[in-house]
Amino acid sequence: MTVKEFLKKVRKQNEVIRAYESELKDLRIRAVNISSPTLGEKVQSNHLSSLDEIVDKIETQADKVNKAWQSYMEVKDQAISLINMEQDEYRKCVIYRYYILCQPWEQIAVEMHFSLRWVTKLHGQALRDLEKEFHKIPVSSIEKGVL
């Protein structure tokens, strides 16, 4: 595994959590919008889930989100420790913003007052620097989640 693959893994996990949280939010909205029939209304079965089914789905999804967050926080802490090994503050900032904060390249360039080309150059230099540090870390500690 290269340093870039490791850091991409962190970024991907963040995106997965966001998707899980979005689904959880949607389930909660569906639960709030369920209405009960009024007296005298005929109750027909339809494709809408009952409240208890949605509550079960919410609990399952919330557990999924919590487990994903726990896993992400471990990997994120490892990534931050690795990123902190970078000596150049600009390079460190670019790597942190891209892989930890999941900012797009354009936003990083604007916020740091650099051109997009310079940001990508700093990114490449940081990855080369961190690759040296990354290979000093035993492979088993990376696979086990300890950095």
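Let me begin by describing the structure that accompanies this report.

Rules used throughout
Residues numbered from 1 in each chain as written. Predicted model: local features only at pLDDT ≥ 70, side-chain atom pairs only at ≥ 80, totals over all residues. Heavy atoms only, no water. Helix = DSSP H or I, 4+ residues; strand = E, 2+ residues; numbered from the N terminus. Buried < 20%, exposed > 50% of the residue type's maximum accessible area, 1.4 Å probe, protein only. Contact = heavy atoms within 4.5 Å. Areas by Shrake-Rupley, 256 points an atom, 1.4 Å probe, with all protein chains shown as cover. Core = buried A, V, L, I, M, F, W, Y, C linked by side-chain atoms within 4.5 Å.

Observations concerning the overall build of the protein chain
Argument step 1. If you tally the helices and strands in the protein chain, you get six helices and zero strands.
Argument step 2. For the protein chain, the N- to C-terminal ordering of α and β elements is α-α-α-α-α-α.
Argument step 3. Evaluated residue by residue, the protein chain yields a buried proportion of 35% over its 147 residues.
Argument step 4. In the protein chain, the proportion of contacts linking residues at least 24 apart, taken out of those at least 6 apart, comes to 70%.
Argument step 5. For the protein chain, the accessible surface area stands at approximately 9900 Å², while carbon and sulfur atoms represent 53% of it.

Some points on the side chain of Q13
Argument step 1. Structurally, Q13 is set in helix α1 (residues 3–32).
Argument step 2. When neighbours within four sequence positions are excluded, Q13 is seen to be in contact with S71, Y72 and V75.

Regarding the environment of K4
Argument step 1. Residue position: K4 is located in helix α1.
Argument step 2. For the pair K4 and Y99, spaced 95 residues apart in sequence, the C-alpha to C-alpha distance is 9.5 Å.
Argument step 3. Sequence-distant contacts of K4, defined by excluding residues within four places in its chain, comprise Y99, H123, L127 and E131.

Topic: the nonpolar core
Soluble globular proteins tend to pack their nonpolar side chains together in the buried interior.
Argument step 1. In this structure, V3, F6, L7 and I95 are the most contacted members of the largest nonpolar core, which totals 26 residues.
Argument step 2. The set of elements that each furnish at least two residues to this core consists of α1, α2 (51–83), α3 (89–100), α4 (105–112) and α5 (116–136).
Argument step 3. Setting aside chain neighbours within four positions, we find I95 in contact with L7, I83, I100, H123, A126, L127 and L130.
Argument step 4. By size, the runner-up hydrophobic cluster in this structure holds seven residues, among which are L24, A31, I54 and A62.

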